[in-house]
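Survey of secondary and tertiary structure
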Amino acid sequence: MGNEFSADNLPPGFDADQIRRLYHRFLKLDSDGNGYLSAEEFMALPQVRANPLAARIMEVFDRDNNGMIDFREFTQGMTLFSSKANTDQKLRCIFNVYDQDRDGFISNADCFRVLKMMVGENLTDVQLQQAVDKSIIYHDKDADGRLSFNEFKNTIGALGTQGEKLGVKL
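Residues numbered from 1 in each chain as written. Predicted model: local features only at pLDDT ≥ 70, side-chain atom pairs only at ≥ 80, totals over all residues. Heavy atoms only, no water.

By the naming in an unreviewed UniProt entry, the protein goes by EF-hand domain-containing protein and is assigned to Ramazzottius varieornatus.

Right, dumping it as structure tokens:
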């Protein structure tokens, strides 16, 4: 089931004490005690609740697509927020948030949906689509109409300090 706590099987980035604390946090969030976090329980995390992409983050954490997060998925997801997580792991997580259909690429439609969640009604759909089109064309080096992980990685890497100003800190 993946919900058992075992200090012998630690995910990278955490020591045994940190895993124990994560386990206790998980148990507190699991308000119905069923060993899984539902969307409502997951949204109880203040860092998640305030994020416009919270539902997408939950979907990325939920690796088996059963609509709930078990302890193993929780610790694997939280590893990405550890200072010990490497840049590629963090970028892969961000990439997965954008890759809504989980096909290994960020399509124009994927990018539009995620940015729509982020900007809400601050831009019209036409303005947002124009920005998405320009971004995809500019960063799509192999001209296949979508962004691979490497194209995405190169795009974020090219942002450098500009990325930090935009909230992308790795």
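The rest of the description comes next.
Comments concerning the overall build of the protein
To be explicit about the condition: In this text, helices come from DSSP runs of H or I with a minimum length of four residues, and strands from runs of E with a minimum of two, each type numbered from the N-terminal end. Whether two residues are in contact is decided by their heavy atoms, any of which lying within 4.5 Å being enough. Only the protein chains shown count as covering a residue, and every accessible area follows the Shrake-Rupley method with a 1.4 Å probe.
Broken down by element type, the protein carries 10 helices and 2 strands. Going from N to C terminus, the protein has its helices and strands arranged as α-α-α-α-α-α-β-α-α-β-α-α. Contacts in the protein between residues at least 24 apart in sequence constitute 49% of all its contacts with a sequence separation of at least 6. Accessible area of the protein: about 9900 Å², with a carbon and sulfur share of 54%.

Considering the pattern of salt bridges
Spelled out, the test is: Here, a salt bridge means any Lys or Arg side-chain nitrogen found within 4 Å of an Asp or Glu carboxyl oxygen.
Applying the stated criterion across every chain, the model contains 7 salt bridges. In this structure, aspartate 144 and arginine 146 form a salt bridge, with 3.2 Å as the shortest nitrogen-oxygen distance. Connected through salt bridges with shared partners, the residues Lys116, Glu121 and Asp125 form a single ionic network.

Regarding the packing of aromatic side chains
The description of an aromatic ring pair rests on the distance of the ring centres and on the angle between the ring planes. Put simply, the rule reads: Note on aromatic contacts: the rings of Phe and Tyr and the six-membered ring of Trp form a pair at centre separations within 6.5 Å, being stacked when their planes are under 30 degrees apart, edge-to-face when over 60 apart, and tilted otherwise. The classification of residues rests on relative accessible area computed with a 1.4 Å probe and restricted to protein chains. Under 20% of the type maximum is buried, over 50% is exposed, and intermediate values are partly exposed. Both a distance and an angle decide whether a charge sits over a ring: NZ of Lys or CZ of Arg must be within 6 Å of the ring centre and within 35 degrees of the ring normal.
Scanning the entire structure with this criterion turns up 7 aromatic pairs. Each ring, one from phenylalanine 26 and one from phenylalanine 71, has its centre 5.5 Å from the other, and the planes form 70 degrees; the classification is edge-to-face. You can see phenylalanine 26 sitting in helix H1 (residues 16-29) and its partner phenylalanine 71 sitting in helix H5 (residues 71-79), a full 45 residues away along the chain. Across the pair, exposure class does not vary: phenylalanine 26 and phenylalanine 71 are buried alike. Seen from their ring centres, phenylalanine 95 and phenylalanine 152 are 5.6 Å apart, and the 65 degrees between their planes marks the pair as edge-to-face. Of the two residues, phenylalanine 95 sits in helix H6 (residues 87-98) while phenylalanine 152 sits in helix H9 (residues 149-159), which places them 57 residues apart along the sequence. The two residues phenylalanine 95 and phenylalanine 152 agree in class, both being buried. One aromatic cluster is present, built from ring pairs that chain together Tyr23, Phe26, Phe71 and Phe74. If you follow arginine 146 out to its NZ or CZ, it ends over the ring of phenylalanine 105, 3.4 Å from the centre.

A word on the packing of H1 against H5
The packing of two helices is summarised by the inter-axis angle and the distance between the axes. Spelled out, the test is: Orientation is described by axes fitted as lines to C-alpha atoms, over the contacting stretch for helices, and by angles from 0 to 180 degrees between their N-to-C directions. Should an angle fall under 35 degrees it is called roughly parallel, over 145 degrees roughly antiparallel, and 65 to 115 degrees roughly perpendicular, with every other angle called oblique. By definition, turning the near helix anticlockwise from the far helix through less than a right angle yields a left-handed crossing, and turning it clockwise yields a right-handed one.
At a closest axis distance of 11 Å, the pairing of H1 and H5 adopts a crossing angle of 120 degrees. If you check the angle between H1 and H5, you find them oblique. The interaxial crossing formed by H1 with H5 has right-handed handedness. Mapping the contact onto sequence places Ile19, Leu22, Tyr23, Arg25, Phe26 and Leu29 in H1 and Phe71, Phe74, Thr75 and Met78 in H5.

Here we look at H5
As a reminder, the rule being used: The definition of a polar contact used here is a pair of N or O atoms within 3.5 Å, where within protein one atom must be able to donate a hydrogen and the other to accept one, and adjacent residues in sequence count solely through side-chain atom pairs.
The buried fraction of H5 amounts to 7 of the 9 residues, a majority that puts the element mostly inside the structure. Burial in H5 covers these residues: Phe71, Glu73, Phe74, Thr75, Gly77, Met78 and Thr79. Looking at the buried side of H5, the elements it contacts are H1 and helix H4 (54-61). Its side-chain oxygen placed 3.1 Å from the backbone nitrogen of arginine 72, aspartate 70 serves as the N-cap of H5.

What about the side chain of aspartate 110?
Here aspartate 110 lies in helix H7 (residues 108-119). A distance of 3.0 Å separates polar atoms of two side chains, one belonging to aspartate 110 and the other to arginine 113. Once residues within four sequence positions are removed from consideration, aspartate 110 is found in contact with Tyr98, Asp99, Gln100, Asp101, Asp103 and Phe105.

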